[in-house]
Amino acid sequence: MAQRCTVTVCRDCCCGSRTKHPAVDHDAQIDRLRAELEPEHRIRTSLCLDVCSQSNAIVVQPAPEARRRGARPVWFGLVLDDTVLDDLITWVRDGGPGNADLPAVLELSVISPPTV
Ligand code: FES
């Protein structure tokens, strides 16, 4: 099966922190992403992505064919509730970057990647 999007879920000092976000079930977020998107899409966790003030951060990387057409990763911040996660899952299922328009409501959660 061809791999489609890769969803990188930051889990380090702030993203996934019960101290910083005690009301969020962080493990459940990853469980849901895996249950809803694998195996068509890849879910992975990462160390700090340097956008801690926007935790929890998630990056959706385009499918390889979309990337070849110029699609770029989309960064999301403050992914702390089920509604945003639902919208993100739906968008990835629809094809993600380069394959599906980003819903307006999800645009509100887009953040800029850190500058190098
Ligand atoms: S821990 Fe996620 S951006 Fe720092």
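A quick note: this is a predicted structure, and the numbers were derived from the prediction, not measured.

Basis of the calculations
- Residues numbered from 1 in each chain as written.
- Predicted model: local features only at pLDDT ≥ 70, side-chain atom pairs only at ≥ 80, totals over all residues.
- Helix = DSSP H or I, 4+ residues; strand = E, 2+ residues; numbered from the N terminus.
- Rg over C-alpha atoms; globule rule 2.2 N^0.38 Å.
- Buried ≥ 20, exposed ≤ 12 C-beta atoms within 10 Å, placed from the backbone.
- Contact = placed C-beta atoms within 7 Å.
- Pairing = 2+ DSSP bridges.
- Axes fitted to C-alpha atoms, helices over the stretch in contact; angles between N-to-C directions.
- Core = buried A, V, L, I, M, F, W, Y, C linked by C-beta atoms within 7 Å.
- Expected span 1.5 Å × (residues − 1).
- Parallel < 35°, antiparallel > 145°, perpendicular 65-115°, else oblique.
- Left-handed = near helix turned anticlockwise from the far one by under 90°.
- Nonpolar A, V, L, I, M, F, W, Y, C, P; charged D, E, K, R; others polar.

(A) Spotlight on the overall build of the chain. Along the backbone of the chain there are four helices and five strands. Beginning at the N terminus, the succession of helices and strands in the chain can be written as β-α-β-β-α-β-α-α-β. Taking 13 Å as the expected radius of gyration for a compact globule of 116 residues, we find that the chain reaches 13 Å, a close match to that expectation. Viewed in the frame of its principal axes, the chain has a C-alpha envelope of about 40 × 35 × 25 Å. A total of 116 residues make up the chain; the buried ones form 32% of that total. Sequence-distant contacts in the chain: of pairs separated by 6 or more residues, those separated by 24 or more amount to 72%.

(B) Main features of the environment of Ser53. Turning to its location among the elements, Ser53 is positioned in the loop between strand 2 (42-46) and strand 3 (58-61). On the basis of neighbour count, Ser53 is assigned to the exposed category, with 10 C-beta atoms found within 10 Å. Between the C-alpha atom of Ser53 and that of Thr6, which follows or precedes it by 47 residues, the distance is 23 Å.

(C) Quick look at the pairing of strand 3. Note: strand 1 (residues 6-10) against strand 3, four bridges, orientation antiparallel. Note that in strand 3 the partner of Thr6 across the bridge is Gln61. Pairing of strand 3 with strand 4 (residues 74-76), which is carried by three bridges, proceeds in the antiparallel orientation. Across the sheet, the residue bridging to Val60 is Val74, located in strand 4.

(D) How the structure looks around the sheet that holds strand 3. The five strands are arranged 2-1-3-4-5 in an open sheet whose pairing can be described as mixed. Pairing within the sheet leaves two strands with one partner each, and these edge strands are strand 2 and strand 5 (110-111). The strands touched by helix 1 (residues 26-37) are strand 1 and strand 2; relative to strand 2, the strand with the most contacts, the crossing angle is about 160°.

(E) Seen up close, the nonpolar core. Core analysis: the biggest nonpolar cluster contains 22 residues, and Val7, Ala57, Ile58, Phe76 and Leu88 have the highest contact counts within it. Breaking this core down by element, the ones donating at least two residues are strand 1, strand 3, strand 4 and helix 3 (82-93). Counting residues per element, this core draws most heavily on helix 3, which supplies five residues.

(F) Just helix 3, in detail. The terminal C-alpha atoms of helix 3 lie 16 Å apart, and with twelve residues this matches the ideal 16 Å at 1.5 Å per residue to within 8%. Once helix 3 finishes, Gly95 follows within two positions and takes phi at roughly 130°, a positive value.

(G) A look at the packing of helix 1 against helix 3. Taken N-terminus to C-terminus, the directions of helix 1 and helix 3 make an angle of 25°; their axes are 11 Å apart at the nearest point. With respect to each other, helix 1 and helix 3 are oriented roughly parallel. At the point where helix 1 passes helix 3, the crossing takes the right-handed sense. Contact with helix 1, carried on its side by Gln29, Arg32, Leu33, Glu36 and Leu37, involves Leu85, Ile89, Val92 and Arg93 of helix 3 and no other residues of that element. Looking at side-chain class alone, the contact of helix 1 with helix 3 contains five nonpolar, one polar and three charged residues.

This is a description of form; function is not addressed.
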